[in-house]
Amino acid sequence: MPENSDNKRSKLPVELKINGRDVKGRPGQTVLEVVQEQGLDDIPTLCHDPRLEPYGSCFMCVVEVKGVRGLVPSCTTRIRDGMEVITNNDRIRLARKTALELLLSDHYADCICPGQMACPAHVDVQGYVSLARLGYYEDALRLIKERNPLPVVCGRVCVRKCELNCRRNDVDEPVGINYVKRYVAEHAKHDFIRPDKKPKTGKRVAVIGGGPAGLTCAYFLALEGHSVKIFEAMPRLGGMLVWGIPEYRLPKAEMDKEIEEILSIGIEVALEKKLGKDFTLKSLRKKDKFDAVFLAMGAPMSRKMGVPGEDAEGIESGLDFLRDTQLKGRRKLNGKVVVVGGGNSAVDAARTAVRCGADEVTILYRRTRKEMPAHYEEVDAAEKEGVKLEMLAAPVEAITNNNHLKGLRCIRMELGEPDESGRRRPVPIKGSEYDYPCDFVLSAIGQGTDSEPIQAEPEDTRPALSRRETIVVDEATMATNVRGVFAGGDVVSGPAVVIDAIAHGRCAALSIDEFLRTGEVKKHKETFVSRRDVFGPIPLRMYDDVEHSKRHHLPEREAAERIRDFKEVEFSLSEPDMREEANRCMECGCKAQFDCSLRKYATEYDVDVMRLAGAVRRHKVDSSHPLITLDPNKCILCGRCVRTCADILDLSVLGFVGRGFTTVIKPAMGRPLAESSCISCGACIETCPTGALTAKLPYGRQGPWESKRFPSVCGFCSVACPLDLNVVTDGILWATSPEKSGPGQGDLCFKGRFGTGLIQCADRIQKPLIRKNGELVEADWEEAINEAARILKEVRDKHGPGSVAVLGAARITMEECYLAGRLARAVLHTDQIGSFGQVRRSGPRHDLDEIIGETASTCFFEDIYSADVVLLAGADPSRSHPVISFMVRRAARKGTRVVVINSSNIDLVRSSELWLDPRRGTSGILLAGVLRRIIESGKIKKDFPENKNAELESLKESLADVDMDEVARAAGVEAAKIENLADMLTSAKSVVAIYDLDDTIERATDDLSILAQILLLTGHIGRNGSGLLVLQADCNSEGARLAGMIEGELPGGHSLGDDDFRRKLAECWNADLDGLVSGNKDTLYERVSSGKISGALVFLEDPLGDPEANRMLGNLSALVVVDHFMTETARAAQVVLPASTLAETDGTVVSTDRRVRACTRVNTPPGGLTTGEVICRLSSALGHPIPSSKDSDIRKELSSLVGISQADLEKARKEGGAWPSHVEFPRFQHLKKVKLSSITMTPIRYPYATLELYIQRRLARSGMHV
Amino acid sequence: MQEVIVGLGSCGIAAGGLAVYERFSELIEPEKDGIILKQTGCIGMCFREVLVEVVEITEDSKRRTLYGDVTPERVDRIVKEHLGEGKPIEEWVVKEEGQVLAKQSRIVLRNCGKIDPFSIEEYQARDGYKALENVLTKMTPEQVIETIADSGLRGRGGAGFPTGTKWRFARSYKDEHKYMICNADEGDPGAFMDRSVLEGDPHSVLEGIAIAGYAIGADHGYIYVRAEYPHAVRRLRHAIAQAEDKGFLGDNILGKGFDFSIKLKEGAGAFVCGEETALIASIEGKRGMPRVRPPFPAESGLWGYPTVINNVETLANVPWIILNGAKALNSYGTETSKGSKVFALAGKVKRVGLVEVPMGTTINEVIYDIGGGTLSGGPFKAVQMGGPSGGCIPASLGDTPIDYERITATGAIMGSGGMVVMDETTCMVDVSRFFLSFTQNESCGKCTFCRIGTKRMLEILERICAGKGEEKDLDVLAELGEQVKSSSLCGLGQTAPNPVLTTLRYFHDEYLAHIKDKRCPAKACLALVEFYINPEKCNGCGLCLKVCESGAISGEKKKVHKIDQSKCVKCGRCITVCRQEAVEKR
């Protein structure tokens, strides 16, 4: 909590000028705070975190202050009266840019994987490979289609620049990225992910040419809401995909399906309409009123060899040959065929010639095989099919007879100096001419554009042409020199590959959209990409930890078989092979690529990494920790993690090691993180502005994926911390602190931060299970619900209403608790409901009911910060409620005096001023000593009500036996310490006492009631900022109480004996609730232990995992379990139903300090039904239909019953408000005599926290002790 | 009676002073000879160490004889002839003393070289601790502050903040504790003023701290001293113990109810710990890293309490001002800078040593009149003032009078008082590279510009020195330099580019020579020079051939030798051994 001394002195607003505007701020605020709070500018900062003290090291937030020579960091500059501040000008921008360039000059990291970088369309390779690996094919496809609408086509014919640049080339073989894409494109449901079109804009665009560039451009424009019409000269769409690529490589039916999918979003098509013949650019613009035109006519013209005799019969262009084959079907070729050229078209022509029955097919190429532009795998395939390669030779003349081809005269070549393409130039060897007899020659030495229609345009609509007769465009926007006319694909680049055309199409679509919306053509800002390769070759030691693995290959048909037809040659990988291949990805791209501040600012400030390049440090990544990766290569030394760890958590696990340029952030002595004292809370990840600290997700693959944030709540303990769920798709999510957490907020412990995602993903029960022939087998909901209803009803009917219990941990939502209570009482006619874990620990506790009205917290967690004294009476929050321990430590740093009463040297003793260590079971006596001293000292609160004097006397009496010496002796604590505590409590302005209701180790007779009475008599209950905090077992323990999921208490805390309320409830539920009281005088524990329970419905609880409970409950004749995981109890059940998590409902959780927290449904429960829906279905099956299972409807009903307005409840949900509201917190009612005895309970290890254990097991498996 | 005083400052010890002292103690029997053997701190004329002073005391006079370059061998003759026979050995007497002292005014150094630093009695004999007594008996803290403020004393650590003002701030904050810290973390290369004062006159510093403590209301003092100054540490410890014994430190000082103790804290050698907030962090046991100001230490310093940090020299001034009055100091100096300033005169100057001159003395006066000019006898080329935070002042500005403002105007800073003289053999690019490599190494790593910016600047300078510089590098240097200055949290970063920026300003041509002509005019950058044997001088003695380890030199006896440039590694051994000075650089 940043606090500053200026604050103390003046409360008047400070008046200053920021960017010429008059602004008022509070004294002590920094310039940055004022600017941010009032939204005056978006000042960049890397080292500042509002949760931490100003630090001022990155110098990104610099501003100009009038009268100050240099720039000043706004994060550390306090506002002054009359100050004049400028937050943005050229000088400031230059300084910020330089700071970024310096930081990035020592940032040895890749933002995105090199494959994505190399892909002309920048498809998120790593993202979709990860999703495919995890089986999320539709999500993978959606990701691909964000940049490439032709994945089916590319999956077959792409030249795979991604694979050529894959880092795995440095290790063994590149990842089969395209194989994965092909699998996804072939197996995902395309119509599932059809994106939404934006509303119609009324703008019209003509796309000339239906090849990949035109289709892509049309697709993205149509998505933006523009009306698009494609004009295609040929009778079908596809361009070179149709006419240039043979059927055996790309089945046209598959291609057509993909084109159909593109057109299905609403694109008009006009076939056999040719530019220059059927229309002109001018006519499109002037007559047909198209707002923009995209030219993508391709390069369909064959280039000639330029040798004498070329026009002889028997010589044709490879392209014509392929086109004719496509148009007219296979024709028979007899004799020897020579294909001239080395590109993909040449290989396609040769392989097609083989399929046309040629006796011998030879490819004649002037360089060597290594230099062939065709994909090497294509060349391999051609050779397998019998194609011969004649390398280092070129035709010089066609040998003809009567204009009839007889052969080719060729000349031998040798390789000379490299040319501008980097390949060695072929040089003819003089006098090496030789004749190559043949019957056909297919020339495939290149293609050109058809520039005639362009040249025919009138000047004002004629785009400029290059020397090569391609259209000249601005490559950043694809705009031609004619306003509103854009071009892309081969007509711009000359013959290129499909993915280039797709990239052009998308780029043009973006520019055209911009043009249509604003009338301007602007360069789209590319996101900055940091790349390791710019610092030179990557040292191979960086790959030391990579396991070598073989690349999979596509299954293919035998060569002998496939040359007989045009059916497809290669098939997709099998699913297991594809997943293995996807698993080979080394995940080079940064996990923080979507939310890295450094990257964001580098983009914004348009940095040039090389400008200040110099020595760069290369570090080993520390991945020793099971949950956290520390990559010092990405660290910018802002120190936020170091300061968070030290100042917020008081731990100092991380620190600066070394000095100056060589400084690095690491645990002490440079040890690995796993060997440090890290408590895995992950707060360092949260604050890191780059990807230097990242979380390991529990998904086997780490993405990275872009996510959306939704507010939710942590379900692991009764603190119920608010958190954000970062959701990628159903099944992939993780937790972070809520966005914009201020000082003292945003804490999460390892359970919340890492467990929330973990419980979501693995080993969940996916389907209802029914026991058949002794085995649990999958069943559908209908069957399972009916079976559950049947067996519960059978027990109830046979043994009476008291024979069935409803057990549940309060980790279900308040709404679900309410429904469970209704099911128990209205349907099963039993009041035996509650957490058996709590029951086992001899709860529920009613110690304070008489004293303050109920046994609950009387203040808020935040009060810890402002308290003079925090008293931990038996509670050990570091173990059970870590976030509370963070709060206490932080308070201690700021001067709060911490007192620990605990028999053990617990973690927080370190932060305490006073530690009283009574023998186990004697803390009650110790507290009695304190109470007696307080009473005797006469320092009880001044306004002690007189009518309670008699009670006070009798309380005193009950304390008569213990004098201080006796207390000290019994507890084994020095009297002076006990007196010291008593004095601290009487003199403190505010005291917060923390007690753990479910602790069975430190508990002593009447300890809680004595503690509460100490607080009452010293005036610390019933006053803001002071009071008692009780910690409970489950996140929703308090919500469960309020919703009535507790034995003997109806919703709203009304006692079962409250006849009026019971009648009201019976009416609301339309049920008979009369039998509930008399039947069960004994407690749930007693009934269970005496064997009176024969059936149970269990929610998220595992009583059979506890040997003692197992002994008592082991012989149930009916057991229905609703849970996430197969617990011991689930394994013994007749029916098991999948439960939902907090991420799967819109329900409510109430923390133990009564903060109301809302969940957001962001995930589909595995079984499809939420726990609430399960209860409702079960209730219906038992003959009691519940009108709605909707969370909001249930809240409406609940609020009407318990007397809070629904609006108030919804407001509390939204704002994390308190319920009951603050004023209704428990107050002084009566003093109560106390019993003094020392007891020791056997600590109970009831496995109530299945989820925690589950996480801990997972972590322990990774070698981490938590 | 005779006294023999051996100079045992670090300079004296380094020159062999301990052996000289030992030899005297072997030869002299005090009781029998009536000769007292003593030691003292730095006398100031380090260029003549080991210095030995012989004082002959008669009833009405004292005759002093100062010997320089004394060796244990020479001791025998001094004992025999001077002490025994009363015949001073004229040829060993230091004759420059008069010239050296003529332009000096020794306020801070008033006792240095005069008293035995281990003897509090000698300090007291020269009015030591009288100022403290005066203050405690006759003055209120406010009066002390006013006196210091009136004297015009400014911080001698480099920044020149008015000392009285600083004290007044600290005085104005009320708190249960306050701290007075003496910054003795002198770390500039070539600077040794503070060390000499601590070694030569530790009590004056202790007295200054105690007076300051009284003035601001502190109860504890710290001296943060470099651990690399073992003699200073030892003498300070001894002095603190003596002062405590005598009741000048501790509880109820001089019975006046003032409690004040001083602790010594040895720094671990990080240059940045001379920065006050980093120094405080270091005392607190944290990583020595500067923090944001405000709050200034005077408001919230050590452990969060009001704290004043003054440098050694500043504090050594304090007792003198109290005893002599504010006006006494005020009478020295210029309009804005009062009193004197101690400089460590080093580099290519004849008389290396410690000098104290009144503010306003010109650079030329210090170098020529006191320092005796350059070693080579020619004009100096530049003088580096202020250490790594300072800059190089060219000879053309030699008439600049020394005061805070005027030195700052040249681009250099007063600094703590390092003054390194350079002549034609000094390469200014190399000098700025040297100083920048120092600061770059000593950066704590916190601020982006200081951490990476200085690294990049250094890389550019290294490239230029290696002959691989480009002209645009100079623009980047200047731009980065300005940005590092304006975008760093503490003084280290804010001043680190000064040596580069001043040399760029005054010696631009020299940079261009490196870049364009690939030539180092001073022939100091080895990558840009080659060694060759001047055939006119070589007599073929073969000495160079023998010492050349890379086998680059060939030649027959009595014939001119040659250096094979492809093998030469430019180690320079041939130059050292050649008696004909035939090996030259070009």
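Residues numbered from 1 in each chain as written. Chains lettered and ligands numbered in written order. Predicted model: local features only at pLDDT ≥ 70, side-chain atom pairs only at ≥ 80, totals over all residues. Heavy atoms only, no water.

Draft legend 1. Geometry of the overall build of chain B. When its secondary structure is counted, chain B shows 25 helices and 18 strands. Radius of gyration (C-alpha) of chain B: 26 Å, near the 25 Å computed for a compact globule of 586 residues. When the backbone C-alpha atoms are referred to their principal axes, chain B occupies close to 85 × 65 × 40 Å. Here chain B holds 586 residues, and the buried ones make up 62% of them. Partitioning the contacts of chain B with sequence separation of at least 6, the portion at a separation of at least 24 is 70%. For chain B, the accessible surface area stands at approximately 22,400 Å², while carbon and sulfur atoms represent 50% of it. Charged side chains of chain B number 73 positive and 78 negative; the gap between the two group centres comes to 5 Å. (Helix = DSSP H or I, 4+ residues; strand = E, 2+ residues; numbered from the N terminus. Rg over C-alpha atoms; globule rule 2.2 N^0.38 Å. Buried < 20%, exposed > 50% of the residue type's maximum accessible area, 1.4 Å probe, protein only. Contact = heavy atoms within 4.5 Å. Areas by Shrake-Rupley, 256 points an atom, 1.4 Å probe, with all protein chains shown as cover. Lys, Arg positive; Asp, Glu negative; His and termini not counted. Charge placed at Lys NZ, Arg CZ, Asp CG, Glu CD.)

Draft legend 2. Summary view of the sheet that holds strand β37 (residues 1027-1031) of chain A. All names here are of chain A. The five strands lie next to each other as β35-β34-β33-β36-β37, forming an open sheet whose pairing is parallel. Strands with a single pairing partner mark the edges of an open sheet, and in this sheet they are β35 (914-916) and β37. Across this sheet, the average inter-strand angle for adjacent strands is 15 degrees, counted without regard to direction. Note that strand β36 (residues 991-996) and β37 share five bridges and pair parallel. Bridged to I994 within β37 is L1029. Lying over the sheet, helix α36 (residues 975-987) contacts β33 (869-873), β34 (897-901), β35 and β36, oriented at roughly 125 degrees with respect to β35. (Pairing = 2+ DSSP bridges. Axes fitted to C-alpha atoms, helices over the stretch in contact; angles between N-to-C directions.)

Draft legend 3. Layout of the pairing of strand β14 (residues 418-422) of chain B. Residues and elements named next belong to chain B. The element β14 is largely enclosed, with a buried count of five among its five residues. With burial as the criterion, each face of β14 is covered, one bearing G418, V420 and M422 and the other bearing M419 and V421. Direction of pairing for strand β12 (residues 382-385) relative to β14: antiparallel, over a ladder of four bridges. Bridge pairing in β14 places M385 opposite M419.

Draft legend 4. Looking closely at the confidence of the model for chain B. Across chain B, pLDDT averages 93, with 100% of residues at or above 70. Taking the mean pLDDT of every element in chain B, the minimum, 76, falls on helix α3 (residues 30-33) of chain B and the maximum, 97, on helix α11 (residues 202-216) of chain B. (pLDDT = per-residue confidence, 0-100.)

Draft legend 5. Examining helix α10 (residues 212-223) of chain A more closely. All names here are of chain A. Between its first and last C-alpha, α10 extends 17 Å over 12 residues, near the 16 Å set by a 1.5 Å rise per residue. With 12 of its 12 residues buried, α10 lies for the most part within the structure. All of the buried residues along α10 are P212, A213, G214, L215, T216, C217, A218, Y219, F220, L221, A222 and L223. Residue G225 follows α10 closely and has a positive phi angle near 100 degrees. (Expected span 1.5 Å × (residues − 1).)

Draft legend 6. Looking closely at the interface of chain B and chain A. Residue-level contacts link 32 residues of chain B with 35 residues of chain A. Between chain B and chain A, the buried area comes to about 2,700 Å², and carbon and sulfur atoms account for 56% of it. Counting the surface chain B buries against chain A, the share from its top three residues, R287(B), R451(B) and R456(B), is 21%. There are one salt bridge connecting chain B and chain A. E479(B) is the partner of R611(A) in a salt bridge, and the nearest nitrogen-oxygen pair spans 3.1 Å. Between chain B and chain A we count 13 residue pairs in polar contact (both at pLDDT 80 or more) in total. (Buried area = accessible area lost by both parts, 1.4 Å probe. Salt bridge = Lys/Arg side-chain N within 4 Å of Asp/Glu carboxyl O. Polar contact = N/O pair within 3.5 Å; in protein donor to acceptor, adjacent residues only side chain to side chain.)

Draft legend 7. Inspection of the pattern of salt bridges at higher detail. Following the criterion strictly, the structure yields 148 salt bridges over all chains and no others. Notably, a salt bridge pairs R23(B) with E26(B), separated by 2.6 Å at the nearest N-O pair. Note that R23(B) and E26(B) are positioned in helix α2 (residues 17-27) at a spacing of three residues, about one turn of the helix. A residue is classified by how much of its surface remains accessible, and R23(B), at 25% relative accessible area, is partly exposed. Through salt bridges that share partners, R249(A), D348(A), R351(A), R355(A), E378(A), K384(A), E385(A), E556(A) and R562(A) make up one connected network.

Draft legend 8. Layout of the packing of aromatic side chains. A full pass over the atoms with the stated rule returns 19 aromatic pairs over all chains. Here the aromatic rings of F944(A) and F1228(A) are separated by 6.1 Å at their centres, their planes lie at 40 degrees, and the arrangement is tilted. Within this pair, whereas F944(A) is found in the loop between α33 (923-936) and α34 (949-958), its partner F1228(A) is found in the loop between α46 (1206-1215) and α47 (1250-1261), the two being separated by 284 residues in sequence. Assigned by exposure class, F944(A) and F1228(A) land together as buried. Three or more aromatic residues joined by ring pairs make a cluster, and in this case those are F231(A), F279(A) and F290(A). Of note, R195(B) hangs over the ring of Y229(B), and the distance from its end group to the ring centre comes to 5.9 Å. Sitting over the ring of Y532(B), R586(B) keeps its end group 4.1 Å from the ring centre. (Phe/Tyr/Trp six-rings, centres within 6.5 Å; stacked < 30°, edge-to-face > 60°. Lys NZ or Arg CZ within 6 Å of the ring centre and 35° of its normal.)

Draft legend 9. Structural view of the sheet that holds strand β8 (residues 258-267) of chain B. All names here are of chain B. Judged by pairing direction, the sheet is mixed, and its five strands sit side by side in the order β7-β8-β6-β5-β9 without closing on themselves. Strand pairing shows two members of the sheet lacking a second neighbour, β7 (250-253) and β9 (307-311), which therefore form its edges. Ignoring strand direction, the axes of neighbouring strands in this sheet form an average angle of 25 degrees.

Draft legend 10. View of the packing of α33(A) against α36(A). All names here are of chain A. Closest axis-to-axis distance for the α33/α36 pair is 9 Å, and the angle between their directions is 55 degrees. The angle between α33 and α36 places the two elements in the oblique class. Crossing handedness for the pair α33 and α36: right-handed. Here L926, G929, V930, R933 and I934 of α33 lie close against α36, whose contacting residues are I978, E979, L981, A982, D983, L985 and T986. Among the residues making up the contact of α33 with α36, the classes are represented as seven nonpolar, two polar and three charged. (Parallel < 35°, antiparallel > 145°, perpendicular 65-115°, else oblique. Left-handed = near helix turned anticlockwise from the far one by under 90°. Nonpolar A, V, L, I, M, F, W, Y, C, P; charged D, E, K, R; others polar.)

Draft legend 11. Spatial organisation of the confidence of the model for chain A. Residue and element names in this part refer to chain A. Looking at chain A, the pLDDT average stands at 91 and 96% of residues meet or exceed 70. The element-level mean pLDDT for chain A is lowest in helix α1 (residues 5-9), coming to 43, with α10 highest at 98. Between residues 1-10, whose pLDDT stays under 50, and residues either more than four places distant or in other chains, the model counts 18 contacts. Contacts for the low-pLDDT stretch residues 1262-1266, under 50 throughout, to residues beyond four places or in other chains number 10 contacts.

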